[in-house]
Amino acid sequence: MWPFSKKKSLADQLKEESLEAIDLIAEKWLSYRQLVFKAEVPLSKQIELFMEPAMQGLVNARPIFAKMPYEMLVLIFMNGIVQSGTHSALEVQDALGIPRAT
């Protein structure tokens, strides 16, 4: 028996941090949605305006996310928005221009 705990891999660390980040993003998205947008402001623009500062804040608060590819960060944000319950996965996917699986 080895008395020392195994150091977590970067992937394991990112997985743990990602789950917490999704919860945080869902909470922040709900606060952000209290802003009133004109009817003609599409969801894609609302997400864009939310993601820019929120992503920077996430990377600043948890530097491990700076090592994550941008596309993975977008998926974390997508999952956070979906988890908030304001939009379905398909609505967010369409707004972000992510092709649907066939």
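Everything that follows concerns the structure shown earlier in this document.
Notes on the structure follow. Nothing here was measured: the structure is a model prediction, and the numbers come from that model. (Residues numbered from 1 in each chain as written. Predicted model: local features only at pLDDT ≥ 70, side-chain atom pairs only at ≥ 80, totals over all residues. Heavy atoms only, no water.)

### As for the packing of helix 3 (residues 70-84) against helix 4 (residues 89-96)
The description of two packed helices rests on the angle between their axes and on the distance between the axes. Where helix 3 contacts helix 4, the two axes come as close as 9 Å, and the packing angle between them is 140°. Considering their axes alone, helix 3 and helix 4 lie oblique with respect to each other. For the crossing formed where helix 3 meets helix 4, the hand is right-handed. For the pair helix 3 and helix 4, contact is made by V74, M78, I81 and V82 and by A89, V92, Q93 and L96, respectively. The class makeup of the residues in the contact of helix 3 with helix 4 is seven nonpolar, one polar and no charged. (Axes fitted to C-alpha atoms, helices over the stretch in contact; angles between N-to-C directions. Helix = DSSP H or I, 4+ residues; strand = E, 2+ residues; numbered from the N terminus. Parallel < 35°, antiparallel > 145°, perpendicular 65-115°, else oblique. Left-handed = near helix turned anticlockwise from the far one by under 90°. Contact = heavy atoms within 4.5 Å. Nonpolar A, V, L, I, M, F, W, Y, C, P; charged D, E, K, R; others polar.)

### A look at the nonpolar core
F65 and I76 are the most contacted members of the largest nonpolar core, which has 23 residues in total. At the level of secondary structure, the elements contributing two or more residues to this core comprise helix 1 (10-32), helix 2 (43-61) and helix 3. Among the elements that line this core, the one with the most residues is helix 2, at seven residues. (Core = buried A, V, L, I, M, F, W, Y, C linked by side-chain atoms within 4.5 Å. Buried < 20%, exposed > 50% of the residue type's maximum accessible area, 1.4 Å probe, protein only.)

### Focus on the environment of L30
Looking at the secondary structure, you find L30 in helix 1. Taking the C-alpha atoms as reference, L30 lies 16 Å from K45; in sequence the two are 15 residues apart. Setting aside residues no more than four positions away along its own chain, L30 makes contact with S84 and T86.

### Regarding the packing of aromatic side chains
Throughout the structure, instances matching the rule amount to five aromatic pairs. Consider the rings of Y32 and F37, whose centres lie 5.7 Å apart with planes at 55°: the pair is tilted. Assessed through its relative accessible area of 14%, Y32 is described here as buried. What makes F37 partly exposed here is its relative accessible area of 24%. Between the aromatic rings of F50 and F77, the centroid separation amounts to 5.9 Å while the plane-to-plane angle is 70°, which identifies the pairing as edge-to-face. Of this pair, F50 sits in helix 2 while F77 sits in helix 3, and the two are 27 residues apart along the sequence. Here F50 and F77 have matching classes, each one buried. In this structure an aromatic cluster arises from ring pairing among W29, Y32, F37, F50 and F77. (Phe/Tyr/Trp six-rings, centres within 6.5 Å; stacked < 30°, edge-to-face > 60°.)

By themselves these figures say nothing about function.
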